[in-house]
Amino acid sequence: MTSLPQHVFDTAPDWNEDAYVMAHQQAPPVSVRLNPLKPSTAFPEMQRVPWSANGLYLPERPSFTLDPLFHGGAYYVQEASSMFVEQAFQQHVSRSQPLKVLDLCAAPGGKSTLLASLLRADDLLVSNEVIQTRASILVENMTRWGQMNTWVTNNDPKDFGRATGFFDAMLVDAPCSGSGLWRKDEQAIDEWSESNVQLCSERQQRILADALPALKKDGVLIYATCSYSVAENERIVDWLVTEMNMTALRVDCDAAWGVTETQSPQHKAWGYRFYPWKAKGEGFFLAVLRKNDGLVTDSLYQSSTKQKAKAKQDAALQQQMQAYFNTDIELFQHQDMIYAVHPEHKAYVDSMRGAFYIKKAGTAMGTMLKELVPEHDLALSVHLAEGVSRIALSRDEALHYLKKESVRTGDGYKGWHVATYEGVGLGWGKWMPNRMNNYLPKHYRIRMDL
Ligand code: SAM
């Protein structure tokens, strides 16, 4: 094992160097989180991650690429410690009204898919990622997860200053020096430096200062890193208390979980550390804080009369598209693409459009030519109506479908159908006599040999 930079741990609360070295000689645990809205046969009777209702430890790492259920969004492969976000959210985000939640640093989407599973249909999750290429991966993962109430934006944190007082809860899973992930990536040990910790700490403050105006008064911030450095964890919590007028909240933990509760140096504010020798997962830090001042607003801007008139004119299309869903929708169009959103969220489309770069709002349904040419997003939707035709594939057929090959030709199928595996949608196909066009988007396909 590469020797560890000692000064990382000098001030880390309850640090145990021998235990750390031993833990780092063992392989990291493999864990997944099931999608409760896509029930499947994936991983029955596995050991549970105790702090997450749908988290499971696997005894070994299977080939996820060769599992059609992975591609269909029946589960997400996620490091176990970070599922602790669930406890923070469930214990401290009040549910008296539909929630608006922002995940500010969301790619590739582990914590966004977790938050999505904690929300109700009329809650809204905005998953944001500043880096464009990573935002595209976030779109893919949120598409697989299949919920209409999760949107993806590609904005800088400071852009959220335009949404003053809008969000009830905000997750900032900040870019950090990453020492908590050394067991998974030993090379990163050599890249670590004290000066980088300092840079990360300053960037974390900048990100938080830029985005916090978007959190309403009494709103809840969940701040997380995968670093062991106090400068990126407890000191940031102190800064939030002093400079941002926030109060840290305590999270109840079962002693058996092995979570280390910490208090910040200045304000004795609560924080939660995951050490790999105590809790079954990688290094992780989380703190929950309530914002004591600020504004409260429910809409970003009023929608214009022109937008309202346009909505009326689309009523016929609305009726036609409703048939694809088992829940009420409202439509909007961007260029040629038709999107379905939860009716309560339509007003947010109108108001966010001008101010944010929205990569995905609701469910992309498709484009209207002579008929609807359906979009991948729709095939993977958890709200797809029973009346939409599906073709159930075997595992072998599903893998060939996912390689973007033709399947089930010559069986007399005609027209558009959703290819499914164990009831989970994988994508669209259009069947013609003796031929099938596979509509799986290229970037979703399996590249490895079967
Ligand atoms: N929350 C994600 C998950 O659970 O899958 C992981 C997020 S990762 C720890 C931090 C993210 O912050 C990265 O996706 C990174 O691209 C993004 N990021 C990097 N610099 C940033 C900045 N200046 N402002 C906001 N986000 C930034």
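Just above, that's the structure.
Sequence order as written defines residue numbering, which begins from 1 separately in each chain. Local features in this predicted model are restricted to residues whose pLDDT is 70 or higher, and side-chain atom pairs enter the listing and the counts only when it is 80 or higher, whereas totals over whole chains, interfaces and linings include all residues. To get the side-chain values, take all heavy atoms of the structure and skip hydrogens and water.

K.L.:
Could you give an account of the overall build of the protein chain, naming the residues involved and the relevant values?
P.N.:
Under the scheme used here, helices are H or I runs from DSSP no shorter than 4 residues and strands are E runs no shorter than 2 residues, and both carry numbers assigned from the N terminus. When its secondary structure is counted, the protein chain shows 13 helices and 22 strands. Note on method: radius of gyration uses C-alpha positions; expected globular size equals 2.2 Å times residues raised to 0.38. For a compact globule of 450 residues, the expected C-alpha radius of gyration is about 22 Å, and the protein chain comes in at 23 Å, within 12% of that figure. Across its three principal axes, the protein chain shows a C-alpha extent of roughly 70 × 55 × 35 Å. Approximately 19,500 Å² of the protein chain is accessible, and the part contributed by carbon and sulfur atoms is 48%. Charge assignment in this entry is limited to Lys and Arg as positive and Asp and Glu as negative, and neither His nor the chain termini are counted. Note that the charge is assigned to NZ on lysines, CZ on arginines, CG on aspartates and CD on glutamates. Positive and negative side-chain charges of the protein chain, numbering 46 and 52 respectively, have mean locations separated by a distance of 7 Å. Only the protein chains shown count as cover for residues, and all accessible areas are computed by the Shrake-Rupley method using a 1.4 Å probe.

K.L.:
So what's going on with the site of the ligand? Residues and values would help.
P.N.:
Around the ligand, the surrounding shell holds 17 residues, and the nearest of these are Cys105, Gly110, Glu129, Arg134 and Asp173. Side-chain atoms alone can form a polar contact between residues adjacent in sequence; in general such a contact is a pair of N or O atoms within 3.5 Å, and within protein one must be able to donate a hydrogen while the other accepts it. A distance of 2.9 Å is found between an oxygen atom of the ligand and a backbone nitrogen or oxygen belonging to Gly110. Taking 590 Å² as the accessible area of the ligand by itself, protein coverage stands at 82%. For the shell around the ligand, the elements supplying multiple residues, two or more each, are α4 (110-118) and α7 (194-211). Each residue is assigned to one class: nonpolar for Ala, Val, Leu, Ile, Met, Phe, Trp, Tyr, Cys and Pro, charged for Asp, Glu, Lys and Arg, and polar for all the others, Gly among them. Of the residues assigned to the shell around the ligand, the class counts are 10 nonpolar, two polar and five charged. We call a residue near a given molecule or strand whenever any one of its heavy atoms falls within 4 Å of it.

K.L.:
Which residues make up the environment of Leu208, and what values do they have?
P.N.:
With respect to the element layout, Leu208 can be found in helix α7. Working definition: with a 1.4 Å probe on protein chains only, accessible area under 20% of the residue-type maximum means buried, over 50% means exposed, and in between means partly exposed. Its relative accessible area of 1% is what places Leu208 among the buried residues. Distance in space between the C-alpha atoms of Leu208 and Gly366 is 37 Å, their sequence separation being 158 residues. Those residues within four positions of Leu208 in sequence are excluded, and the remaining contacts are Val172, Leu221, Tyr223, Ile236, Trp239 and Leu240. The criterion used for residue contact is that any of the two residues' heavy atoms lie within 4.5 Å.

K.L.:
Can you explain the sheet that holds strand β2 (residues 47-48)? Please cite residues and give values.
P.N.:
At least two DSSP bridges between two strands are needed for those strands to be called paired. Across the sheet, which stays open at both edges, the four strands sit in the order β2-β3-β1-β4 with antiparallel pairing between neighbours. Each of the sheet's edge strands pairs with one partner strand only, and the pair in question is β2 and β4 (75-77). The sheet contact formed by β2 and strand β3 (residues 55-58) spans two bridges and is antiparallel. Residue Arg48 lies in a different strand from β3, and its bridge partner there is Leu56. Sheet contacts for α4: β1 (30-34) and β4; angle to β1, the most-contacted strand, approximately 40°. Lines are fitted to the C-alpha atoms to define the axes, a helix being fitted only along its stretch in contact, and any angle between axes, read from their N-to-C directions, falls within 0 to 180 degrees.

K.L.:
Any chance you could break down the packing of α7 against helix α8 (residues 234-243) for me, citing the residues and the numbers?
P.N.:
Following both chains from N to C, one finds α7 and α8 inclined at 35°, their axes separated by 11 Å at the closest point. Here α7 and α8 pass one another in a crossing that is right-handed. Along the contact surface, α7 presents Ser201, Gln204, Gln205, Leu208 and Ala209, while α8 presents Ile236, Trp239 and Leu240. Whether a crossing is left-handed or right-handed is set by the direction in which the near helix is turned from the far one by less than a right angle, anticlockwise for left-handed and clockwise for right-handed.

K.L.:
Help me get a handle on the sheet that holds strand β22 (residues 435-438), residues and values and all.
P.N.:
The four strands lie next to each other as β19-β20-β21-β22, forming an open sheet whose pairing is mixed. Taken across any chain shown, the strands that pair with only one partner, and hence form the sheet edges, are β19 (390-392) and β22. Each strand axis lies, on average, 40° off the axis of its neighbour in the sheet, ignoring direction. Relative to strand β21 (residues 424-432), strand β20 (residues 415-421) runs antiparallel, the two sharing seven bridges. When the bridges of β21 are listed, Thr420 appears paired with Gly425. Packing against the sheet, helix α13 (residues 395-402) makes contact with β19, β20, β21 and β22, and its axis sits at approximately 75° to β21.

K.L.:
Please provide a residue-by-residue account of helix α11 (residues 346-353), values included.
P.N.:
Taken across its eight residues, α11 has six buried, putting it largely inside the fold. Within α11, the full set of buried residues consists of Lys346, Tyr348, Val349, Asp350, Ser351 and Met352.

K.L.:
So what's going on with the pattern of salt bridges? Residues and values would help.
P.N.:
The salt bridge criterion pairs a side-chain nitrogen of Lys or Arg with a carboxyl oxygen of Asp or Glu, the two atoms within 4 Å. Counted under the stated rule, the structure contains 13 salt bridges. Ionic pairing is found between Arg162 and Asp159, a salt bridge with its closest N-O pair at 3.7 Å. By relative accessible area, which is 15% here, Asp159 ends up buried. For the salt bridge of Arg183 with Glu282, the shortest nitrogen-to-oxygen distance reads 2.9 Å. Note that Arg183 is positioned in the loop between β8 (167-173) and α6 (187-191) and Glu282 in the loop between β12 (270-274) and β13 (284-291), a separation of 99 residues in sequence. Comparing Arg183 with Glu282 shows no difference in burial state: the two are buried.

K.L.:
Tell me about the side chain of Asn149, and please be specific about residues and values.
P.N.:
With respect to the element layout, Asn149 can be found in the loop between α5 (132-145) and β7 (150-153). The buried category is assigned to Asn149, whose relative accessible area is 4%. In this structure the side chain of Asn149 is engaged in a polar contact, spanning 3.2 Å, whose partner is the backbone oxygen of Asp123. Here the side chain of Asn149 touches Gln147 through a polar contact of 3.1 Å, side chain to side chain. For Asn149, the contacting residues outside a window of four places in its chain are Leu119, Arg120, Ala121, Asp123, Leu124, Leu125 and His345.

Just geometry here; none of it tells us what the structure is for.
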